[in-house]
Amino acid sequence: MANTTPQTSSTTGTGPGEQFDAIIIGAGLTGLYQLYKLRQLGLSVRVYEAGSGVGGTWYWNRYPGARFDSESYSYGYSFSEELLQEWDWKEHFSGQPENERYLNYVADKFDLRRDIQFNARVASALYDERANRWQLQTEDGHRAQAQFLITAVGVLSAPQMPNVAGLDTYTGEWCHTGLWPKTPLNLAGKRVGVIGTGASGVQLITEIAKEVGHLTVFQRTPNYCAPLHNKPIDEETQKKIKASYPEIFKKCRETFAGMIHHFDPRSVFEVSAEEREAFYEQIWSEPGFRKWLGNFRDVMSSKEANDTFAEFVRNKIRARVKDPAVANKLVPTNHPFGSKRVPLESGYYEVYNQDNVVLVDLKETPITRITPKGLKTSTTEYEFDVLIFATGFDAVTGAFNRINIRGVGGQGLKDKWADGPRTYLGIQSVGFPNLFTLVGPHNGATFCNIPRCSEQNVEWVTDCIRYMREHNHGRIEAKLDAEGAWTAHVADTIADSLLLQADSWFMGANTPGKKRTFLMYAGGTPAYRAKCDEVAAKGYEGFALQ
Ligand code: NA7
């Protein structure tokens, strides 16, 4: 087995730096598990993490109201029975502080920190063809090398600011939801502006509306927000959950998106109008994503079917907002229900019934510039103490693009993917040997309850490295035909889907200048897992092993 002691040479300057078998970028949920698994294999591993602590998404997104939209008990790691039994989720949909605590607990329990370098943002990763090693450099000049490079950089980790003039002139406090400071902003009694009404904005707005002095929400596109129905987990339920983890995880393995929710096998039009309405009321009253991923099977493929539920949701919104003119602005009309990620909420629409809250429709009055005291729209000037950007992320590929990753012949990954990602299984890309992209573009883990599918990714990569070591292979690279076929297949998975019809981050359409193309995988979790298993069983079919 591998030498587990890293050899150190000069770690900065021009030397090759520390030597490892594998380097992992990111100490979020996925990176932590990959570290744990590679250690078990006897590899020397170093994780580089930009933050000062573990947690990834749950480290950075510490804005008020941030919480799971997956049932907590379907989100935690499944690999350790001991961990499952000793961790008590306190709420059905756990909040950020608790989620961060959980990931810290895991890091401590499995003694993971000693192989993680914190405050280390990777600037470049260059493949040395002759040595068959990846050479990494962090932004502060630290250098290291490894045979395997494994990215666990997350799907939504490259925060995106709007391209509006004048931010540098703004003199008040401001921040992005995805880069929320550790010392919380004091918003009590303040004049606050929020730009963006996606899943983050909806959670944040609902929470801060309870304490701010005045809130102005700048909305570009209204969303179909659905009730989360969160509540604490009582003792009896806790026991039941702990006794039924095998069934919970089995269910997650079998559903389309790795959640506990299954699409209903019926078509919208197989039932009478009364039955349909009763079904909609039923799923609306149930927790989590039941309304999206447990809806009729054709809600995501037939516009006609989708319209029936979209109108149901619009009526729910209208019923909750007192001022019909405001309600009208909040009602989505330009995309099908579920074609963008459905924000789950706990009192969001009622916020707009508060006297101290104003909704500005940016389609009517766009922002023209940020000013020293706030911002200007085409008609009005606003002043704030705090301005919050809930404007989302350069999704899926953004975090890759922010690292200078160069493979065979110095080819940049960013350049290769400029017209959209090309991958095999969303785990490798031709020209980048020994680079594994966990939860990367085209990967089944993207359109999934991430922990369930990222565990699959990690275990598959670990098995692959074990196989390579057992068979004396030092290098693995996807083959061109396999990459072409997978990339075409990814497009096929969405060909009949209404996901195509929205300007969402799924499509890269939220990032100015980015090629509009499907960045994820919509073939479903079971199909993805089966394909990965088949590839492995056939001796890593579609990969060249040397
Ligand atoms: P999202 O879902 O991408 O939402 C970003 C929001 O910000 C959305 O309402 C955008 O409007 C708005 N936005 C983005 N750029 C601008 C500009 N330039 N001007 C005005 N408004 C803008 O990001 P979130 O952080 O809420 O959620 C990301 C994921 O995290 C979510 O899907 C969950 O998986 C968890 P738009 O709709 O583009 O018109």
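Use the structure listed above.
Residues numbered from 1 in each chain as written. Predicted model: local features only at pLDDT ≥ 70, side-chain atom pairs only at ≥ 80, totals over all residues. Heavy atoms only, no water.

A separate point is the nonpolar core. Counting residues in each nonpolar core, the largest one holds 137 residues, and the members touching the most others are Leu215, Tyr352, Leu425, Trp460 and Phe543. When residues of this core are assigned to their parent elements, the largest contribution, seven residues, is made by helix α16 (residues 450-470). When sequence neighbours within four positions are dropped, the list of residues in contact with leucine 425 reads His442, Asn443, Trp460, Trp486, Tyr528, Lys531, Cys532, Val535 and Phe543. Ranked by size, the runner-up nonpolar core spans 22 residues in total, among them Trp134, Phe400, Trp417 and Leu435. (Core = buried A, V, L, I, M, F, W, Y, C linked by side-chain atoms within 4.5 Å. Buried < 20%, exposed > 50% of the residue type's maximum accessible area, 1.4 Å probe, protein only. Helix = DSSP H or I, 4+ residues; strand = E, 2+ residues; numbered from the N terminus. Contact = heavy atoms within 4.5 Å.)

Another point: the state of the cysteines. Evaluation of the coordinates by the stated rule reveals one disulfide. What pairs with cysteine 448 in a disulfide is cysteine 453, and their sulfur atoms sit 1.9 Å apart. Since a negative S-S torsion denotes a left-handed disulfide, the cysteine 448-cysteine 453 link at about 70 degrees is right-handed. In this structure cysteine 453 comes out as buried when scored by relative accessible area, which is 4%. The thiol of cysteine 532 is unpaired, and the distance to the nearest cysteine sulfur, on cysteine 453, comes to 9.8 Å. (Disulfide = S-S within 2.5 Å.)

Side chains carrying opposite charge are able to pair once their charged atoms draw close together. Tallied over the entire structure, the rule returns 37 salt bridges. Of the charged contacts, one joins arginine 101 and glutamate 98 as a salt bridge, the two residues approaching to 2.8 Å between their closest N and O atoms. Remark: glutamate 98 and arginine 101 occur in helix α5 (residues 96-109); sequence separation between them is three residues, near one turn of the helix. Salt bridges sharing common partners tie together Arg39, Asp111, Arg114 and Asp115. (Salt bridge = Lys/Arg side-chain N within 4 Å of Asp/Glu carboxyl O.)

Around the ligand sit 19 residues, and of these Ser200, Arg220, Thr221, Lys340 and Trp505 come closest. Contact between the ligand and arginine 341: an oxygen atom at 3.3 Å from a side-chain N or O atom of the residue. At 3.2 Å from an oxygen atom of the ligand is found a main-chain nitrogen or oxygen belonging to alanine 390. Protein coverage of the free-state accessible area of the ligand, which is 770 Å², stands at 84%. Tallying contributions element by element places helix α6 (residues 199-208) first for the shell around the ligand, with three residues. Grouping the amino acids of the shell around the ligand by side-chain chemistry returns eight nonpolar, eight polar and three charged. (Near = heavy atom within 4 Å. Polar contact = N/O pair within 3.5 Å; in protein donor to acceptor, adjacent residues only side chain to side chain. Areas by Shrake-Rupley, 256 points an atom, 1.4 Å probe, with all protein chains shown as cover. Nonpolar A, V, L, I, M, F, W, Y, C, P; charged D, E, K, R; others polar.)

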